[in-house]
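The chain contents come next:
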Amino acid sequence: MRLLLYLVPLALLTPCTTSNETALRSALSAIWKAVLLLKKEYEEFNLDGMAGYKILLEQIKGTLERCDTKKAPYIYILIKRLKNVLKDTLNKTSYFTKQRDPEYFEEFQDFFGDQFWTPPTSWNQTTPGLVYRQSLSDTSLCFTEQFSDECISSLLGNLHKNKEPCVVTAPCWKKMKKKGCTGYSLSHQLLSFIVGRMKRCRSDPFVKDFGYYTNVFCSNMMKINLDIEHIGYPLHQQDLFMENIMLCGLCGYSDFYKLEWMNKIISWQDPILGCFSDAGHELDSENAANENHFPKRVKRRERMFLDVCLSHKTAVAVGALGGFLYSFTFM
């Protein structure tokens, strides 16, 4: 009943500044479901799950700043209510996450500071000519999840309680800039550059060369997403697909905000629980075979709750959908 009270007004809304009112309503409805899930199950979310919701919060704030309250007062009120609910819930979630995993929380606490995940104010397009001819056969040259965590923690100034931000070791630089990586190694390369940028590090790769590296990475992440789309969105590639949209959207690459991709993401959401999972999807024989087309991720920090819901997958979904919502204000 509470969910219906939040969602019913959507049918009465006029667009904020977008010409696609249906898409705006669809995005808001899906985001509300996911936020109400967090409000109900906030004790179940881990830090990685919280990060996606924190990115969503900053995207919602950016949307409110660009919304014309006179043209669309109802939608402004609804989004503002959404922001307040999410902000209060994240405060509760932080407490339980810190209790569950205090060391990990301390390393990445910057992720939950105000205005850390600043949404873009200008837009670019990826460059197909920057796509790698082939991926590296030696994956040891690329990021592992643990090593990327160490490099990002060092950027934040929280590795071994160092407290000096923007420190990048030679091994970190080498893997951060390495061309030919793919999958989560590639997305974590981009994440490292985003963190350096958000932390206002002054080294050239985070300032003068930031646009070059993000274009290289996002152009290859776009190729990955197009391949995933081409083979029918295999179940175990949906998480990577949404992570790529979330991160490249943060860098201002608007070609990731395809309406058909937004609608596909919404179709993966559990309509009752509001979460995203790896359950309840039947694959035909062709798509089942394609499950092995990409390497599967072993997510150390993934957490299952309510028997089917996945914390990380839900997090990247809300981060991606929040990007769509924010991008509508530029249309």
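Predicted model only: the values in this text are computed from it and were never measured.

**Student:** Can you help me understand the packing of helix H2 (residues 21–40) against helix H4 (residues 73–100) in this one?
**Tutor:** Between two packed helices, the angle of one axis relative to the other and the distance separating the axes together describe the packing. One can describe the packing of H2 onto H4 by two numbers: an axis separation of 10 Å at closest approach and a directional angle of 25°. Regarding the angle of H2 to H4, the classification is roughly parallel. For the crossing formed where H2 meets H4, the hand is left-handed. In this structure, H2 uses Leu24, Leu28, Ile31, Trp32, Val35, Leu38 and Lys39 to contact H4, whose residues at the interface are Ile75, Leu78, Ile79, Arg81, Leu82, Val85, Leu86, Thr89, Leu90 and Thr93. Of the residues in the contact of H2 with H4, the class split is 13 nonpolar, two polar and two charged.

**Student:** Please explain the environment of Asp88 as it appears in this structure.
**Tutor:** Summarising the element assignment, Asp88 is placed in helix H4. The spacing of Asp88 and Lys39 is 49 residues in sequence and 8.7 Å in space, taken between C-alpha atoms.

**Student:** It is not clear to me how empty space enclosed by the protein should be interpreted in this structure. Could you clarify?
**Tutor:** The gaps left among the atoms become clear once a water-sized probe is rolled over them. What the rule picks out here adds up to two cavities of 30 Å³ or more. For the largest cavity, the calculated volume is near 320 Å³. What lines the largest cavity is a set of 22 residues, and nearest its centre among them are Asp48, Ala51, Phe111, Leu191 and His312. Of all the secondary structure elements, the ones that give two or more residues to the lining of the largest cavity are helix H3 (47–66), helix H6 (145–156), helix H8 (183–198), helix H10 (238–250) and helix H13 (311–328). Here the element with the most residues in the lining of the largest cavity is H3; it accounts for five residues.

**Student:** I'm lost on the side chain of His312 in this one. Help?
**Tutor:** Residue placement: His312 occurs in helix H13. For His312, a relative accessible area of 7% corresponds to the buried category. Within the structure, the side chain of His312 is placed 3.4 Å from the side chain of Glu243, a separation counted as a polar contact.

**Student:** So what exactly am I meant to see when it comes to H6 here?
**Tutor:** With 12 residues, H6 extends 16 Å from end C-alpha to end C-alpha; this agrees with the ideal 16 Å at 1.5 Å per step. Summarising burial for H6: nine of the 12 residues are buried, a large majority. Three or more residues of H6 are buried, namely Glu145, Ser148, Asp149, Cys151, Ile152, Ser153, Ser154, Leu155 and Leu156. Gly157 sits one or two residues past H6 and shows a positive phi near 85°.

**Student:** Sorry, what's going on with helix H7 (residues 170–177) here?
**Tutor:** Helical periodicity: at 3.6 residues per turn, an α-helix aligns residues three or four positions apart in one direction. Looking at H7, one finds that the buried residues are Cys172, Trp173, Lys175 and Met176. Along its buried surface, H7 packs onto H6, H8 and helix H9 (210–230).

**Student:** Which parts of the structure should I look at to understand the nonpolar core?
**Tutor:** Soluble globular proteins: nonpolar side chains tend toward being buried together. Counting residues in hydrophobic clusters, the biggest one holds 96 residues, and the most contacted among them are Tyr53, Phe111 and Ile265. In terms of residue count, the dominant contributor to this core is H2 (12 residues). For Tyr53, the residues in contact, after removing those within four places along its chain, are Ala34, Val35, Leu37, Leu38, Phe45, Leu86, Leu90, Thr314 and Val318.

**Student:** What am I meant to see in the packing of aromatic side chains here?
**Tutor:** In this description, a pair of aromatic rings is defined by centroid distance and the angle of the planes. Counted under the stated rule, the structure contains 27 aromatic pairs. One aromatic cluster is present, formed by Trp173, Phe193, Phe206, Tyr212, Tyr213 and Phe217 through successive ring pairs. We note Arg197 situated over the ring of Phe210; from NZ or CZ to the ring centre the distance is 4.5 Å. One Lys or Arg, Lys258, reaches over the ring of Trp261 and ends 5.3 Å from the middle of that ring.

**Student:** I'm lost on the environment of Val308 in this one. Help?
**Tutor:** Note on placement: Val308 falls in the loop between strand E1 (304–305) and strand E2 (309–310). Expressed as a C-alpha distance, the spacing of Val308 and Asp278, which sit 30 residues apart in the sequence, is 7.2 Å. Other than its neighbours up to four places away in sequence, Val308 contacts Leu273, Phe276, Ser277, Asp278 and Ala279.

**Student:** Help me understand the pattern of salt bridges in this model?
**Tutor:** Charged atoms that come close allow side chains of opposite charge to pair. Tallied over the entire structure, the rule returns eight salt bridges. Note that Lys61 and Glu58 form a salt bridge whose closest N and O atoms lie 3.4 Å from each other. Of this pair, Lys61 and Glu58 both sit in helix H3, three residues apart, roughly one helical turn. Take Glu58: its relative accessible area is 4%, and that puts it in the buried class.

**Student:** I would appreciate a short explanation of the side chain of Gln238 in the present structure.
**Tutor:** For Gln238, the position within the fold is in helix H10. In contact with Gln238, not counting residues within four places along its chain, are Tyr233, Trp268 and Lys313.

**Student:** I'm lost on the state of the cysteines in this one. Help?
**Tutor:** By definition, a disulfide links the sulfur atoms of two cysteines through a covalent bond. Enumeration over the complete set of coordinates arrives at five disulfides. Shown here is the disulfide that connects Cys142 with Cys181, its sulfur atoms set 2.0 Å apart. The disulfide joining Cys142 to Cys181 has a torsion of about -95° about its S-S bond and is therefore left-handed. Taken together, the residues span a long stretch of sequence, with Cys142 in the loop between helix H5 (102–107) and H6 and Cys181 in the loop between H7 and H8 at a distance of 39 residues. Both residues of the pair, Cys142 and Cys181, count as buried.

Rules behind the numbers
- All residue numbers refer to positions counted from 1 along the written sequence of the respective chain.
- Side-chain atom pairs in this predicted model are given and counted only at pLDDT of 80 or more, local residue features only at pLDDT of at least 70, and totals for whole chains, interfaces and linings cover all residues.
- Side-chain descriptors were evaluated using all non-hydrogen atoms of the structure, hydrogens and water having been removed beforehand.
- Geometry is summarised by axes, namely lines fitted to C-alpha atoms with helices restricted to the contacting stretch, and by angles between N-to-C directions that run from 0 to 180 degrees.
- Strands here mean DSSP runs of E at least two residues long; helices mean DSSP runs of H or I at least four residues long; both are numbered from the N terminus.
- Relative orientations are named as follows: roughly parallel for angles under 35 degrees, roughly antiparallel for angles over 145 degrees, roughly perpendicular for angles from 65 to 115 degrees, and oblique for any other angle.
- By convention the crossing between two helices is left-handed if the near helix lies anticlockwise of the far one by an angle smaller than a right angle, and right-handed if it lies clockwise.
- Contacts are assigned to residue pairs with any non-hydrogen atoms lying within 4.5 Å of each other.
- For this scheme, ten residues count as nonpolar: Ala, Val, Leu, Ile, Met, Phe, Trp, Tyr, Cys and Pro. Four count as charged, namely Asp, Glu, Lys and Arg, and the remainder, Gly too, count as polar.
- Here a cavity denotes grid points, spaced 1 Å and computed from the protein atoms alone, that fit a 1.4 Å probe unable to get out, and a pocket denotes an open set having protein on both sides within 12 Å along at least 5 of 7 lines; residues with an atom within 4 Å of a point are the lining.
- Grid points are joined across faces, edges and corners, and a volume is the space filled by probe spheres set on the points.
- Classification of residues uses two cut-offs on accessible area relative to the type maximum, computed with a 1.4 Å probe and protein chains only: under 20% is buried, over 50% is exposed, and between them is partly exposed.
- Polar contacts, as counted here, are pairs of nitrogen or oxygen atoms within 3.5 Å of one another; within protein the pair requires one atom able to donate a hydrogen and one able to accept it, and residues that are adjacent in sequence qualify only if both atoms are side-chain atoms.
- Helix span is expected to be 1.5 Å times the residue number reduced by one.
- Take the buried Ala, Val, Leu, Ile, Met, Phe, Trp, Tyr and Cys residues and link them wherever side-chain atoms come within 4.5 Å; each set so joined is a nonpolar core.
- Paired rings are identified among Phe, Tyr and Trp, the last through its six-membered ring, by centres lying within 6.5 Å, and are further divided according to the angle between planes into stacked (under 30 degrees), edge-to-face (over 60) and tilted (the rest).
- In this scheme, Lys NZ or Arg CZ marks a charge over a ring once it lies within 6 Å of the ring centre and within 35 degrees of the ring normal.
- Salt bridges are defined by distance alone: a side-chain nitrogen of Lys or Arg within 4 Å of a carboxyl oxygen of Asp or Glu.
- When two cysteine sulfur atoms lie within 2.5 Å, the pair is treated as a disulfide.

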